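# Examining the three-dimensional arrangement
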Amino acid sequence: MTSVELRQLRYFVAVAEELNFGRAAERLLIAGPSLSQQIKALERDLGVRLFDRDRRSVALTPAGASLLPHTRDLLERADDLQRRAGRLAGSETVRLGYVNWLPTDLTTRTAAVAQLHVDAWVAPSHTQAARVADGSLDLAVCWAGTAELERQGLEARLLGADRLYAVATGDDSSDVRIQDAVVLLDDDTTSWASWNAFAEQLSHSTGARAVRIRDGGITGPAFFDHVRRSRRPVVNSPKGQTTPLPPDLVQRPLIAPKVYWTWSLVWRSGEERAAVRAVVDALTNGVSDLGIHAPDAWLPDDDPHRQ
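What counts, and at which threshold
Residues numbered from 1 in each chain as written. Predicted model: local features only at pLDDT ≥ 70, side-chain atom pairs only at ≥ 80, totals over all residues. Heavy atoms only, no water. Helix = DSSP H or I, 4+ residues; strand = E, 2+ residues; numbered from the N terminus. Buried < 20%, exposed > 50% of the residue type's maximum accessible area, 1.4 Å probe, protein only. Axes fitted to C-alpha atoms, helices over the stretch in contact; angles between N-to-C directions. Parallel < 35°, antiparallel > 145°, perpendicular 65-115°, else oblique. Contact = heavy atoms within 4.5 Å. Nonpolar A, V, L, I, M, F, W, Y, C, P; charged D, E, K, R; others polar. Salt bridge = Lys/Arg side-chain N within 4 Å of Asp/Glu carboxyl O. Core = buried A, V, L, I, M, F, W, Y, C linked by side-chain atoms within 4.5 Å. Phe/Tyr/Trp six-rings, centres within 6.5 Å; stacked < 30°, edge-to-face > 60°. Left-handed = near helix turned anticlockwise from the far one by under 90°.

### Description of unusual backbone geometry
- Here the bond from alanine 256 into proline 257 is cis, since omega is 5°, no more than 30 degrees from zero.
- Positive phi outside glycine occurs at leucine 19, with the angle close to 50°.
- Along the chain, the position of leucine 19 falls in the loop between helix H1 (6–18) and helix H2 (21–28).
- For alanine 256, which is not glycine, the phi torsion reads 55° and is therefore positive.
- Positionally, alanine 256 belongs in the loop between strand E12 (249–255) and strand E13 (258–268).
- For alanine 256, a relative accessible area of 41% gives the class partly exposed.

Structural data, given as structure tokens:
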């Protein structure tokens, strides 16, 4: 039995299903005489005759018929073993897009289950969600509301959260109530659709003053200019959370309530690829609520992680 190969067992199943050595050889892409020799070698190693054959017909022997279902089961388990080994070796590629934030231990957490390809095209949340929906990406780290997820056939799990703060002139770094702050909305909906939806809900829900702009100043130098011109602290977007502030500006914590922006890991509903599901589990299992469910925390009404 030690000399029996999976290859020979596959040959046995092919001949059993075709009951014709010629057709089986064509299916297996090998020469007919070679197939016949391999079946004879398998019969010799097993110690039983698998086929009754003559020049006109091929039939399974009782021993062959008895062994066939067990052989199919063995081959299926061997194939499953190869698939599992491939996933463990990270041989399956999973494509992931993002906006501006990723977990620092992304590669470490996914190396055992898939080969993760982080897409170089950094795009807004609504764009990345749409790319997952149309199959351009397998996963994306983005912000997406419940209605958008349902419309695009996506599912989401909490992966991260940013507590947003305000930026102001001067050196006063004390807390500021959200109703005393300004939140910017940009007319460029191609770039800022998700942020605008978030900011509009924030203004409506908390009393923060909404100010419309047209210069892309949600982040970067233009944002700092808006802060300098504002008489109130200005809410900083998640894209500006890690940007160093100029020396004339200061960060001020937002309170009453504390404002959170969530980062979801999104994928297509009904996703069948085991590697994609394995990456989802590897990245999201064990993620805490990150403060977003505290009594003084605020999330938009349609945030998928709102309790």
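### Here we look at the packing of H1 against helix H3 (residues 32–46)
- Relative to each other, H1 and H3 sit at 110°, their axes nearing to 10 Å. One way to sum up the angle between H1 and H3 is to call them roughly perpendicular. Contacts between H1 and H3 involve Arg7, Gln8, Leu9, Tyr11, Phe12 and Val15 from the former and Leu35, Gln38, Ile39, Ala41, Leu42 and Asp45 from the latter.
- Broken down by class, the residue content of the contact of H1 with H3 amounts to eight nonpolar, two polar and two charged.

### Some words on the pattern of salt bridges
- Summed over the entire model, instances satisfying the criterion amount to 24 salt bridges.
- Between glutamate 17 and arginine 27 there is a salt bridge, and its shortest N-O distance comes to 2.5 Å. Of the two residues, glutamate 17 is situated in helix H1 and arginine 27 in helix H2; the sequence distance between them amounts to 10 residues.
- Taking relative accessible area as the criterion, glutamate 17 reaches 40% and is therefore assigned partly exposed.
- Given the relative accessible area of 42%, arginine 27 is considered partly exposed.
- The partner of aspartate 52 in a salt bridge is arginine 49, and the shortest N-O contact between them spans 1.7 Å.
- When its relative accessible area of 35% is taken as the criterion, aspartate 52 is described as partly exposed.
- Given a relative accessible area of 49%, arginine 49 falls into the partly exposed group.

### Focus on the nonpolar core
- Of all hydrophobic cores here, the largest spans 57 residues; its most connected members are Leu139, Trp195, Phe198 and Val235.
- If near-sequence neighbours (up to four positions away) are discounted, leucine 139 is found in contact with Val94, Arg95, Leu96, Gly97, Val132, Leu265, Val266, Trp267, Val276, Val279 and Val280.
- Grouped together as the second largest cluster of nonpolar side chains are 18 residues, Ala16, Leu42, Leu50 and Val58 included.

### So, the packing of aromatic side chains
- According to the stated counting rule, one finds 11 aromatic pairs in the structure shown.
- For the ring pair tryptophan 143 and phenylalanine 198, a centre distance of 6.1 Å and an interplane angle of 90° mean the geometry is edge-to-face. Placement of tryptophan 143 in the loop between strand E5 (139–142) and helix H7 (146–152) and of phenylalanine 198 in helix H8 (residues 189–206) is noted, with a sequence separation of 55 residues between them.
- Site record: aromatic cluster; members linked through ring pairs are Trp101, Trp143, Trp195, Phe198, Trp261, Trp263 and Trp298.

### Topic: the packing of H1 against H2
- Relative to each other, H1 and H2 sit at 130°, their axes nearing to 8 Å. Between H1 and H2, the angle is such that the two are oblique. Helix-helix and strand crossings are classified by hand; for H1 and H2 the assignment is right-handed. Listed contacts from H2 to Arg10, Tyr11, Ala14, Val15, Glu17 and Glu18 of H1 are Phe21, Arg23, Ala24, Arg27 and Leu28.
- Its residues assigned to classes, the contact of H1 with H2 shows six nonpolar, no polar and five charged.

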